[in-house]
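# Working through the structure, step by step
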Amino acid sequence: MSAEIVSALREMVGEGGVLDADELRKRSAGAYRFDTLKAAALVRPTTTQQVSEILRWCHARGISVVTQGGLTGLVHGADAEPSEVILSLERMRVIEEIDTKQRVALVQAGVPLQALQEEVDKHDLAFPLDLGSRGSATLGGNAATNAGGNRVIRYGMTRDMILGLEVVLADGTVLSSLNRLIKNNSGYDLKQLFVGSEGTLGIITRLVLRLREKPLATNMAFVALDSFDAVANFLKHIDRSLGGTLSAFEVMWQSYYKLVTSPPAKGRPPVPQTYPYYVLIESQGGDEALDSQRFNVAMETALDSGLIADAAIAQSEQDCRDFWALRDDVGQVMQGGLPIVFDVSLPIAAMEGYAATLAGTLDSEIGEHRLWIFGHLGDGNLHVIVQVKPMDYLKVRPKVEALVYRPLAACHGSISAEHGVGLEKKPYLYVSRSAAEVAVMRTLKAALDPKGILNPGKIFDPAPGCGRDQ
Ligand code: ZN
């Protein structure tokens, strides 16, 4: 069967466009993964028409198709079975148009995020989505998972930056919805159905993205605080004082700060390591002198009133890069054990209690471990990392998951702020979603993909049973 699939796909996209199962075993399964890809074949179309042909062929034969972008998603959302076909958009990486007047970009789905950032920068514009994996993550993948990242507090999630999409449906139908208008209320907003659907409703092939004016001035500071209350109050103070220019508010609990500012990490502490909380703030505006003045006044007020305990203000672009490098040095969690990575969302008022409870339950129920918490606090998103000994990993992982996810129901939190559900969080979907909500998701899935060939088994199972009882 595999050989038949490979040769049929080669007919459609050419010899070099298809990798067989053997070739796939040489390709990594993704970021922070130790395994390699498995599938009947990996097909790399170069046009929407080819994507359509491939899906029509697979649909007729009931062959499942798993779409892959940059494989930086972290929740096993693009894992494939040996009988399935992987469709990669890696050969569709053309930035087709940048319209500087309308301030939109038309791109193919395989364009890496960073490539678009760099290209629009040349036109004095910005595409404000930004995340650590910008070099490998693709715009199609960002849309399919509704990626969040570092600047959600200012610009929203990927969903908020998409004006139009071209999507190929399960049966090969091309749904072209390449809208360029910011305001368009003519009926259902179909593109939003596919944003965050993790490849289960259609394959995104091209996108119209909203661009912004490039910020002309950036101010940053690394701040130390004595209490979580101070963190929450500082967010309100700085957001109000900066008049809409706050573009990042990243919190780090002390243990994460120590990890990324001590050897073997390359970073060094901009403020002493003795405080319980740290915040990286960034402000982006349009006037260097005025922005700096306003930023410095806001920081002085916070220091003078005792709202913050200490602060280092970036004096150069290099300082800004160094500050961000600390925040982004997540790779340090690979040292000395295996990390279990979480991405949760909860109201700011509930965060301190949640983190303290989690630390307590991990101490009493899990053996040797380390806990790090950091995240985009400005938009309610915390990254929780629990590192355990490699030999304990498989045994304790389900326990750790339960300890992280279960308390979220009581505070109306989410099991996934920005990474998506994939296979990894599927058993816990009921913590964040009601039975009625999951039922509507199933209705949509059945309507758009009646044979269930698109990324099967991800987010929820087709049969009833995973929704919360009401
Ligand atoms: Zn994040």
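In what follows, the structure referred to is the one given above.
What comes next is a walk through the structure. (Residues numbered from 1 in each chain as written. Predicted model: local features only at pLDDT ≥ 70, side-chain atom pairs only at ≥ 80, totals over all residues. Heavy atoms only, no water.)

### Topic: the pairing of strand S16 (residues 338-345)
Each regular strand carries side chains that alternate between the two faces of the sheet. Within S16, six of the eight residues are buried, which leaves the element mostly enclosed by the surrounding structure. Summarising the sheet, S16 and strand S18 (residues 381-388) pair through eight bridges and their orientation is antiparallel. Its bridge partner being in S18, Asp343 is matched across the sheet by His383. (Buried < 20%, exposed > 50% of the residue type's maximum accessible area, 1.4 Å probe, protein only. Helix = DSSP H or I, 4+ residues; strand = E, 2+ residues; numbered from the N terminus. Pairing = 2+ DSSP bridges.)

### Quick look at the layout of surface pockets
Here the second largest pocket defines a volume of roughly 1200 Å³. Lining the second largest pocket are 36 residues, and of these Arg151, Thr218, Glu282, Gln284 and Cys320 lie nearest its centre. At the level of secondary structure, the elements contributing two or more residues to the lining of the second largest pocket comprise helix H4 (113-121), strand S7 (125-126), strand S11 (212-213), strand S12 (217-225), strand S14 (277-285), helix H10 (288-304) and helix H11 (317-328). Its residues placed into classes, the lining of the second largest pocket shows 14 nonpolar, nine polar and 13 charged. (1 Å grid on protein atoms, 1.4 Å probe; cavity = no way out; pocket = protein on both sides within 12 Å on 5 of 7 lines; lining within 4 Å. Points joined across faces, edges and corners; volume = space filled by probe spheres on them. Nonpolar A, V, L, I, M, F, W, Y, C, P; charged D, E, K, R; others polar.)

### Regarding the coordination of the zinc ion
Coordination of the zinc ion by the protein is provided by His376 (NE2), His383 (NE2) and Glu418 (OE), with metal-donor distances spanning 1.8 to 2.2 Å. If you list the donors of the zinc ion from N- to C-terminus, the spacing comes out as H-x6-H-x34-E. Taken together, the positions of His376 in strand S17 (residues 369-376) and Glu418 in the loop between helix H13 (393-410) and helix H14 (429-432) put the pair 42 residues apart, joining distant regions of the chain. The same class applies to His376 and to Glu418, which are both buried. (Donors = N, O, S within 2.8 Å, 3.2 Å for Na, K, Ca; no water.)

### Structural notes on the sheet that holds strand S6 (residues 104-108)
With antiparallel pairing, five strands are arranged side by side in an open sheet as S5-S6-S10-S8-S9. With partners counted over all chains shown, the strands left at the sheet margins are strand S5 (95-99) and strand S9 (174-177), one partner each. Averaged over neighbouring strand pairs, the angle between their axes works out to 10 degrees when direction is ignored. Two strands pair when backbone bridges link them, and strand S8 (residues 162-168) and strand S10 (residues 203-210) are joined in this way by six bridges, in the antiparallel orientation. Bridge pairing in S10 places Ile162 opposite Leu209. Packing of H4 onto the sheet brings it into contact with S5, S6 and S10, and relative to S5 it is tilted by some 40 degrees. (Axes fitted to C-alpha atoms, helices over the stretch in contact; angles between N-to-C directions. Contact = heavy atoms within 4.5 Å.)

### Here's the deal with the nonpolar core
Membership of the largest hydrophobic core comes to 56 residues, with the highest contact counts inside it found for Leu9, Leu116, Phe127, Leu139 and Leu207. Sort the elements by how many residues they give to this core and helix H1 (residues 2-13) lands first, with six residues. Not counting the four nearest positions on each side in its chain, Leu207 is found in contact with Ala105, Leu106, Val107, Gln108, Ala109, Leu139, Gly140, Ala143, Ile162, Gly164, Leu165 and Leu178. In terms of nonpolar packing, the next biggest core, distinct from the first, is built from 52 residues, Tyr277, Val344, Leu408 and Tyr428 among them. (Core = buried A, V, L, I, M, F, W, Y, C linked by side-chain atoms within 4.5 Å.)

### Let's talk about unusual backbone geometry
Glycine aside, the phi torsion of most residues is negative, and most peptide linkages are trans. Between Pro263 and Pro264 the backbone carries a cis peptide bond, its omega angle lying at 5 degrees. Here Pro264 lies in the loop between helix H9 (254-260) and S14. In this structure, Glu198 is a non-glycine residue whose phi angle is positive, near 55 degrees. Within the secondary structure, Glu198 sits in the loop between helix H7 (190-194) and S10. The exposure class of Glu198 is buried, given its relative accessible area of 9%.

### Description of the packing of helix H8 (residues 228-241) against H10
In the contact formed by H8 and H10, the axes pass within 10 Å of each other and the chain directions differ by 150 degrees. For the element pair H8 / H10, the angle class is roughly antiparallel. Both H8 and H10 take part in a crossing whose hand is right-handed. Touching Phe234, His237, Ile238 and Ser241 of H8 are Arg294, Ala298, Met299, Thr301 and Ala302, all from H10. Here the contact of H8 with H10 is built from residues that sort into five nonpolar, three polar and one charged. (Parallel < 35°, antiparallel > 145°, perpendicular 65-115°, else oblique. Left-handed = near helix turned anticlockwise from the far one by under 90°.)

### Let's talk about H8
Taking 1.5 Å per residue as the helical rise, H8 with its 14 residues ought to reach 20 Å, and the 20 Å between its terminal C-alpha atoms agrees with that figure. Listed in full, the buried residues belonging to H8 are Phe228, Ala230, Val231, Phe234, Leu235, His237 and Ile238. Residues of H8 that are buried sit in contact with helix H6 (152-155), S12, strand S13 (246-253), S14, H10 and helix H12 (348-365). Phi turns positive one or two residues past the end of H8, at Gly243, with a value near 55 degrees. (Expected span 1.5 Å × (residues − 1).)

### Regarding the pattern of salt bridges
Opposite charge on two side chains allows them to pair when their charged atoms are near. On inspection of all chains with the given rule, the structure shows 30 salt bridges. A salt bridge links Glu97 to Arg180, with the shortest nitrogen-to-oxygen separation between them at 2.8 Å. Of this pair, Glu97 sits in strand S5 while Arg180 sits in the loop between S9 and H7; the two residues are 83 residues apart in sequence, bridging distant segments of the chain. A relative accessible area of 31% means that Glu97 is categorised as partly exposed. The exposure class assigned to Arg180 is partly exposed, which follows from its relative accessible area of 25%. For Arg327, the salt bridge goes to Glu250, with nearest N and O atoms at 2.6 Å. In this pair, Arg327 is assigned in helix H11 and Glu250 in strand S13, connecting sequence segments 77 residues apart. Using a relative accessible area of 4% as the deciding quantity, one classes Arg327 as buried. Judged by relative accessible area, which is 1%, Glu250 ranks as buried. (Salt bridge = Lys/Arg side-chain N within 4 Å of Asp/Glu carboxyl O.)

### Here's the deal with the environment of Leu235
Structurally, Leu235 can be placed in helix H8. For Leu235, a relative accessible area of 10% translates into the label buried. Sequence separation between Leu235 and Val279 is 44 residues, and the spatial gap between their C-alpha atoms is 9.4 Å. Among residues more than four places away in sequence, those in contact with Leu235 are Ile153, Leu246, Phe249, Ile348, Leu377 and Gly378.

Nothing here speaks to function; it is geometry throughout.
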